[in-house]
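Structural features, examined
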There are 2 protein chains.
Amino acid sequence: MLILGLDPGTATTGYGLVQADDYELCSLCHGVVRTAASDRPEQRLQQIYTGISDILDEYGADAVAVEKLFFNRNVQSAMSVGQARGVILLAAARHGVPVLEYTPSEIKMAVTGHGSAPKQQVQSMIQAVLSMQETPTPDDAADALAVAVCALRHWEWERAVEDGQ
Amino acid sequence: MLILGLDPGTATTGYGLVQADDYELCSLCHGVVRTAASDRPEQRLQQIYTGISDILDEYGADAVAVEKLFFNRNVQSAMSVGQARGVILLAAARHGVPVLEYTPSEIKMAVTGHGSAPKQQVQSMIQAVLSMQETPTPDDAADALAVAVCALRHWEWERAVEDGQ
């Protein structure tokens, strides 16, 4: 099972590709697609679309995982995140990859066992769960790994329930 | 000069293709891309992307015109419009077509001469300016024609200023 976690944003879109093998999780790659504020919005969206499409072309994925639509107080940021999220969902659809969505508290719960865990704790747990030598950086890449781990944990839980039946 | 005006939305994206010939404006086509609420968000975004790409493939355009990011009070609607706007801007970028943006008051001003004209007046003026037999429907298609007319008026004004120099 291979999940591409994504944390969309116009300036920085985080990605983290996590594989599950017999309940062992490992990160195949993680990082960010950065775009320059000096570029036109449509060029920045194309860079994000191309960056994520390239990863899906190279590695494939069983699913793409993203945070559910959040209710930020800042409307302009919601619109900007929405645009980046739109091209990411399109990249998934055009690669025939289903999209899984989780709330921030579902992600924290799956990674740390607590729905209101602080960001620092989520990042330390990601490092431990994925047996990484260092805390993954930057933050957007770590957040993307967290949503991928959440998706894999949910998949493991569902498999465990099915096995138990 | 051929402008594709667009009014993005996840459920309904309006489009209107307007041509300027010697200061005469005419609509080549207008309508909406509708998506079903029962479809997954990424499928709906793909339908919008494909619908707009098909128009750009068939007719081409010198520019795509959209309303500037607006500051709606509803954050969820901003996120949803943002996603649709993202795939539309991507379609323009992938077709090498520049994107022009105008505020709602710039659009009303260009179409009616008043920045705070009511919607009804904008629609009547669009019908008159484009010499259409009937008021264009639905509203999202009329709004898309309005932003295209706005873009063409701005282009005419710029041309007139250049000619006058």
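Attention here is on the structure that accompanies the text.

Relating one copy of the chain to the other requires a rotation about an axis plus a shift along that axis. Expressed as a screw operation, the relation of chain B to chain A combines 0.0 Å of axial shift with a rotation of 180 degrees, fitting to an RMSD of 0.0 Å. A rotation of that kind, with that shift, is consistent with a two-fold axis. The fraction of interface residues of chain B whose copies in chain A are also interface residues reaches 100%, indicating that both copies meet through the same surface.

Tallying the contact residues gives 28 residues for chain B and 28 residues for chain A. Regarding the contact of chain B and chain A, the summed buried area is about 2,600 Å², with carbon and sulfur atoms giving 69% of it. Of all residues in chain B, the largest losses of buried area upon contact with chain A belong to B:Glu42, B:Val75 and B:Met79, amounting jointly to 23% of the total for that side. The interface formed by chain B and chain A holds 0 salt bridges in total. Residue assignment for the side of chain B that touches chain A shows that the elements contributing at least two residues are helix H1 (41–59), helix H2 (75–94) and strand E5 (99–102) of chain B. Looking at the side of chain B that touches chain A, the element that brings in the most residues is H2(B), giving 14 residues. For the side of chain B that touches chain A, the residue count by class is 16 nonpolar, 6 polar and 6 charged.

Here the focus is the pattern of salt bridges. Residue and element names in this part refer to chain B. One pass over the full model with this rule turns up 8 salt bridges over all chains. With its nearest N and O atoms 3.2 Å apart, the salt bridge here joins Glu42 to Arg40. Overall, the relative accessible area of 36% leaves Arg40 in the partly exposed class. A salt bridge links Lys119 to Asp143, with the shortest nitrogen-to-oxygen separation between them at 3.1 Å. Pair noted here: Lys119 is in helix H4 (residues 119–129) and Asp143 is in helix H5 (residues 139–164), with a separation of 24 residues, a long-range link. Judged by its relative accessible area of 44%, Lys119 is partly exposed.

Thresholds applied
Residues numbered from 1 in each chain as written. Chains lettered and ligands numbered in written order. Predicted model: local features only at pLDDT ≥ 70, side-chain atom pairs only at ≥ 80, totals over all residues. Heavy atoms only, no water. Least-squares fit on C-alpha atoms with pLDDT ≥ 70 in both. Contact = heavy atoms within 4.5 Å. Buried area = accessible area lost by both parts, 1.4 Å probe. Salt bridge = Lys/Arg side-chain N within 4 Å of Asp/Glu carboxyl O. Helix = DSSP H or I, 4+ residues; strand = E, 2+ residues; numbered from the N terminus. Nonpolar A, V, L, I, M, F, W, Y, C, P; charged D, E, K, R; others polar. Buried < 20%, exposed > 50% of the residue type's maximum accessible area, 1.4 Å probe, protein only.

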